[in-house]
Structure formats: C-alpha cells, structure tokens
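What the coordinates show
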Amino acid sequence: MRNFTKEERSWVLYDWAEGVFTTIMMAAVFPVYFVSVAGGEGSPGSMWWAIGLVAARLTVGIAAPFLGAVIDYKGYKKRLFVIFLGAGVFFTALAAVVSSWQLLLVTYVFANIFWSVCNQIYDSFLPDITTKDRMDRVSATGFAMGYIGGGTIPFMLSIALLLFGENFGIDTTLAVRISVVMTAVWWAAFSIPIIKNVHHKYGDDLPEKDFFRQTFNNMVDTAKKIAKNKAVLTFMIAYFFYIDGVSTIINIATAYGAELGLPATGMIGALFLTQLVAVPFSLLFGRLSGKTNPLNLIAGAIVMYCVISSVGFVMGFGLEEGFFGTDTALILFFTLAFLVGTVQGGIQAISRSTFSKLIPPQESGEYFGFFEIFGRFAAIIGPSIYALVLAVTGRSSFGILSITVVFVTGLVILLRARKLVVFER
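Residues numbered from 1 in each chain as written. Predicted model: local features only at pLDDT ≥ 70, side-chain atom pairs only at ≥ 80, totals over all residues. Heavy atoms only, no water.

**A few points about empty space enclosed by the protein**
Summary: where empty space remains is shown by rolling a probe the size of a single water molecule over the atoms. The line we're drawing: Think of a 1 Å grid over the protein atoms and nothing else: a 1.4 Å probe that fits but is trapped marks a cavity, an open set flanked by protein within 12 Å on at least five of seven lines marks a pocket, and residues with an atom within 4 Å of a point count as lining. Grid points are joined across faces, edges and corners, and a volume is the space filled by probe spheres set on the points. Helical segments are the DSSP runs of H or I of at least four residues, strand segments are the runs of E of at least two, and each set is numbered from the N terminus.
Scanning all chains against the criterion turns up 1 cavity of 30 Å³ or more. Computed from the structure, the largest cavity encloses a volume of approximately 850 Å³. Every element with two or more residues in the lining of the largest cavity is listed here: helix H1 (6–27), helix H5 (101–124), helix H7 (135–151), helix H12 (230–260), helix H13 (264–288), helix H14 (294–321), helix H15 (326–358) and helix H16 (364–393). Of all the elements, H12 adds the most residues to the lining of the largest cavity, at 9 residues.

The structure is reproduced here in structure tokens:
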C-alpha cells in the first residue's frame, strides 16, 4: 500500500478490522461451536444456523435502501457508521457470555446485522476515497488485507486455544469465548483509522423539513434511476444470484462439515488455508481487472464456485453412503478450502468496485443501499434452499448441491450484463 493515499490506506484497513468477524464468527470457530451446542440438545444445528442467517439478511435487506438514503446526507455517513460499529462490537462481545443455543443464535443475528450495515456504509465510502481508475486495485487490496487480518493473529490464537488450551486448563467452550472477545476487540481497535481519516465528500444537504418524506422520495428516485439503467439493473440482478451462492458457502461450510462429522480442528485448519490463499489471489484479481473486462473475472469465479459446490456434494454423499471415511472427506474439505481461496476475495472485490464505477459518487449511499438489498436478500435464497432440502431429504449433501442453481442463474444473467456494461478507461 506504499502508493496509496492516507484515506485509501485507512479505508483498506477496515477490511483488516472486520475480516476477523468473517473468519471467527461467520466461517470457522463460532458456527462449529453453535452446531455442537444446538446439536447436543437434539436440534439440527446447521438448520437453525441457516435460519438465523436468513433472519439477519432479511432485516438488513429491508433496512438497507432507507439507510442508504440517509447516509447520503452530509455528516450522517460517518456518524451512523460509528453507531452501528459500536452496536456490532457490543453484540459480538455479548455472544461470549451467553450459554444456551437460543441466546447464542440471537446475539449472533444482531451482531451479523450491525456488521452488515457497517459494511454497506464502508462500501459506499469507496467513491469518496479514490478515483475510478484506482477502484479495482483499492477494493481488491481491501479484501486481501481482510484475509490477512482475519487469518493471522486472532485466528491463529483461536486455533492455538482450541488445539492446546486444555494443557492450560482452557476447555473448548472457554476457548471459543476468548476467541469471540478477541474478535470484538480487534474489530473495534483497527476501525479507528477509518473513523479518524476517512471523510464523506459527496453528499446532499440535510433537508430543512419533512426529513422522512424527502428521504423516502430520494430512495424512490434512485430506484427509478436503477430501473431505467439496464446496465446497472442487469448487473445487480446477476449479483443477486451469484453473491447468494458465495455468501451461502461462507456461512454454511463449517456447519455443513460439522453436520457430516468432520473434526472441528481440521476444518478450522482448512479455513486458515483459505485465508492464506485468498491474499495473493485477491491482489491478482485487482491487477487482472486492468487488463481485461472485470465481468470476465467474475464469470470465471462463478464457474469455480459451481465446481466447489459439486465437490462439496461428492464429499458429503461419499460420507453418507460409506464410500469413504472421514480422513478422505477432510482431504476433500482442504481441497475445497484452497479452491474457495482462489476466488472468494476476488469476486467480492471486483463486484464492489465494478458497481462503484457504474454509479454517481454523490448518490453512492443510496445506490449501495439497493446493492445491499440485492446482496442481503440474495443471501436468503441459498440458506433457505439448504435448510429446505436438508429438512425434506435429511441429506446435507443434497442441500449443498442445490446451491449450484443460484450460481448458474447468476452466470447466465452476468453474460447478458457484459453486453450492456461499458467501462470508462
């Protein structure tokens, strides 16, 4: 980041800050712990986890457009960011002190909601801190830093606690609680630079009267602009589907593995591999975007995710049918972790920067509010399909295979968007 401005570096560092939430709370440590607690009481843990994800995404999806309209008013973007950040950190820390699986799920849902709205506001800062020709690189660097932040000190300490904590009188439950507290502290501490150095440059003046009516009217006007812009609308619809699959894989992977009986420490090690692999590949996506149409990069990543879902099915089906044992399944899980690392950061980074290039910077909050709708409501489809298929068939493997449908749908629509989107060079 040597050639980045102070604002760009501070913005990128927030990915480092919140990356630990993605790793410990969403992907690795907390989901496995939740499934073990809920499953220990006779409940299908991964199904309740999926339902919790749906509740969080539904809440954010409903609130996102109005929030987007509000943060476009000068002085509101950073103020609301700080408020939601504080709430997210609080509920994350609270998850370390509750014990029943119901309260664990409730605290996680609230933490996830506030983490999501912080990310919406964070993304909308991108046009404020850099220029269009630098957006792909800055966005990709942000995701790379997120993987480094989420996959280094706190994640390694969590693994160490889970593997060796008993030697120091720390059982699994206490190790998870320490990891959750560490997540809250890390998230808060490394958010200081963005609060201090990043400022809202493009925005509207606060209306002198009829605040809610004017805000609602602004939201409606933005919706009309999106509906009339075929390039933006088609890209958002494609995003709606393929990012659903990405989010589902992130949130379901370890819960799925736990349901199949894979060892928790092995899965966490595999996800650590994902973090390491994602760093160089995220940066690679940023560099390649300057040499080819970024939508081609997204399309390639979607194809890879179809492969990932299919291999995940083979892993689960083989275990369920007794074709191979846990050791072979764990090898396949590591393979999947590597493949996910090659595309996970890149597809999200290029999607974020691509959308930023297509919208007016002074209305970034409102546009990202609708972008958030597409992203969060989309994230309802995959977990819902997974939970439904699991409930009907009783087979987790069929649930993970069903996610392929949303990837294929997103790819077809993205190919249409590629014919409509024209980038300024």
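**What to know about the layout of surface pockets**
Note the following rule: For this scheme, ten residues count as nonpolar: Ala, Val, Leu, Ile, Met, Phe, Trp, Tyr, Cys and Pro. Four count as charged, namely Asp, Glu, Lys and Arg, and the remainder, Gly too, count as polar.
Considered as a void within the structure, the second largest pocket measures approximately 160 Å³ in volume. As for the second largest pocket, its lining consists of Val-29, Val-32, Tyr-33, Ser-36, Leu-162, Thr-172, Val-176, Ala-264, Thr-265 and Ile-268. Looking at the lining of the second largest pocket, the elements with two or more residues in it are helix H2 (29–39), helix H9 (172–189) and H13. Top element by residues in the lining of the second largest pocket is H2. It accounts for 4 residues. Among the residues making up the lining of the second largest pocket, the classes are represented as 7 nonpolar, 3 polar and no charged.

**Comments concerning the environment of Ile-350**
Under the convention used in this document: Categorising residues by exposure relies on relative accessible area from a 1.4 Å probe, with only protein chains included: less than 20% of the type maximum marks a residue as buried, more than 50% marks it as exposed, and the intermediate range marks it as partly exposed. It only takes one pair of heavy atoms within 4.5 Å for two residues to be counted as in contact.
Relative to the assigned elements, Ile-350 resides in helix H15. Among the residues examined, Ile-350 registers a relative accessible area of 0% and is labelled buried. Distance in space between the C-alpha atoms of Ile-350 and Ile-298 is 7.2 Å, their sequence separation being 52 residues. Residues in contact with Ile-350, not counting those within four places in the same chain, are Asp-136, Phe-285, Gly-286, Ser-289, Pro-294 and Ile-298.

**Things to note about a positive patch on the surface**
What counts here: Each patch is assembled from residues with relative accessible area greater than 30% and no salt bridge, linking like charges that lie within 9 Å and nonpolar side chains (Val, Leu, Ile, Met, Phe, Trp, Tyr) that lie within 5 Å. Note that accessible areas follow from Shrake-Rupley with a 1.4 Å probe, and for residues the cover is restricted to the protein chains shown. A pairing counts as a salt bridge when a side-chain nitrogen of Lys or Arg comes within 4 Å of a carboxyl oxygen of Asp or Glu. Counting rule for charge: Lys and Arg are taken as positive, Asp and Glu as negative, and neither His nor the chain ends is counted. One atom stands in for each charge, and that atom is NZ of Lys, CZ of Arg, CG of Asp or CD of Glu.
A surface patch of positive charge is lined by Lys-230, Arg-416, Arg-418 and Lys-419. Looking at which element gives the most residues to the positive patch, the answer is helix H18 (residues 404–420), with 3 residues. Position of Lys-419 relative to the elements: it lies in helix H18. Look at Lys-419 and you get exposed, because its relative accessible area is 69%.

**Here we look at the pattern of salt bridges**
Using the criterion set out here, one finds 7 salt bridges in the structure. Ionic pairing is found between Glu-8 and Arg-134, a salt bridge with its closest N-O pair at 2.8 Å. Of this pair, Glu-8 sits in helix H1 while Arg-134 sits in the loop between helix H6 (126–129) and H7, and the two are 126 residues apart along the sequence. Judged by its relative accessible area of 24%, Arg-134 is partly exposed. Close ionic contact of Asp-128 with Lys-77 constitutes a salt bridge, the shortest N to O distance being 2.9 Å. Placement of the pair is Asp-128 in helix H6 and Lys-77 in helix H4 (residues 77–94), with a sequence separation of 51 residues. Neither residue differs from the other here; Asp-128 and Lys-77 are each classed as buried. Residues joined in a network through salt bridges with shared partners are Asp-15, Asp-123 and Arg-352.

**With respect to the packing of H12 against H14**
How two helices sit against one another is set out by the angle between their axes and by the gap between those axes. Definition in use: Under this scheme, a helix contributes an axis fitted over its contacting stretch, all axes are lines through C-alpha atoms, and angles between N-to-C directions fall in the 0 to 180 degree range. With respect to orientation, any angle under 35 degrees is reported as roughly parallel, any angle over 145 as roughly antiparallel, any angle of 65 to 115 as roughly perpendicular, and every other angle as oblique. Each helix crossing is assigned a hand: it is left-handed if the near helix lies turned anticlockwise from the far helix by less than a right angle, otherwise right-handed if that turn is clockwise.
Put simply, H12 and H14 touch, their axes get as near as 11 Å, and they point 30° apart. Taken together, the axes of H12 and H14 are roughly parallel relative to one another. The two elements H12 and H14 meet at a crossing, and its hand is left-handed. Along the contact surface, H12 presents Phe-235, Tyr-242, Val-246, Ile-249, Tyr-256 and Leu-260, while H14 presents Leu-295, Ile-298, Ile-302, Tyr-305, Ser-309, Gly-312, Phe-313, Met-315, Gly-316, Leu-319 and Glu-320. Partitioning the contact of H12 with H14 into residue classes produces 13 nonpolar, 3 polar and 1 charged.

**So, the packing of aromatic side chains**
Test applied: In this analysis, rings of Phe, Tyr and Trp, with Trp reduced to its six-membered ring, are considered paired at centre separations within 6.5 Å, and the interplanar angle assigns stacked below 30 degrees, edge-to-face beyond 60, and tilted for intermediate values.
Counting across every chain of the model gives 33 aromatic pairs. Ring centres 5.4 Å apart and planes at 50° place the aromatic pair Phe-21 and Trp-187 in the tilted group. Taken together, the positions of Phe-21 in helix H1 and Trp-187 in helix H9 put the pair 166 residues apart, joining distant regions of the chain. Ring plane angle 50° and centroid distance 6.4 Å describe the contact between Phe-30 and Tyr-33, whose orientation is recorded as tilted. Of the two residues, Phe-30 and Tyr-33 both sit in helix H2, 3 residues apart, roughly one turn of that helix. Residue class for Phe-30 comes out buried when judged on its relative accessible area of 0%. With relative accessibility at 9%, the residue Tyr-33 sits in the buried group. Chaining the aromatic ring pairs together yields one cluster made of Phe-21, Phe-30, Tyr-33, Phe-34, Trp-48, Trp-49, Trp-101, Tyr-108, Trp-115 and Trp-187.

This is a description of form; function is not addressed.
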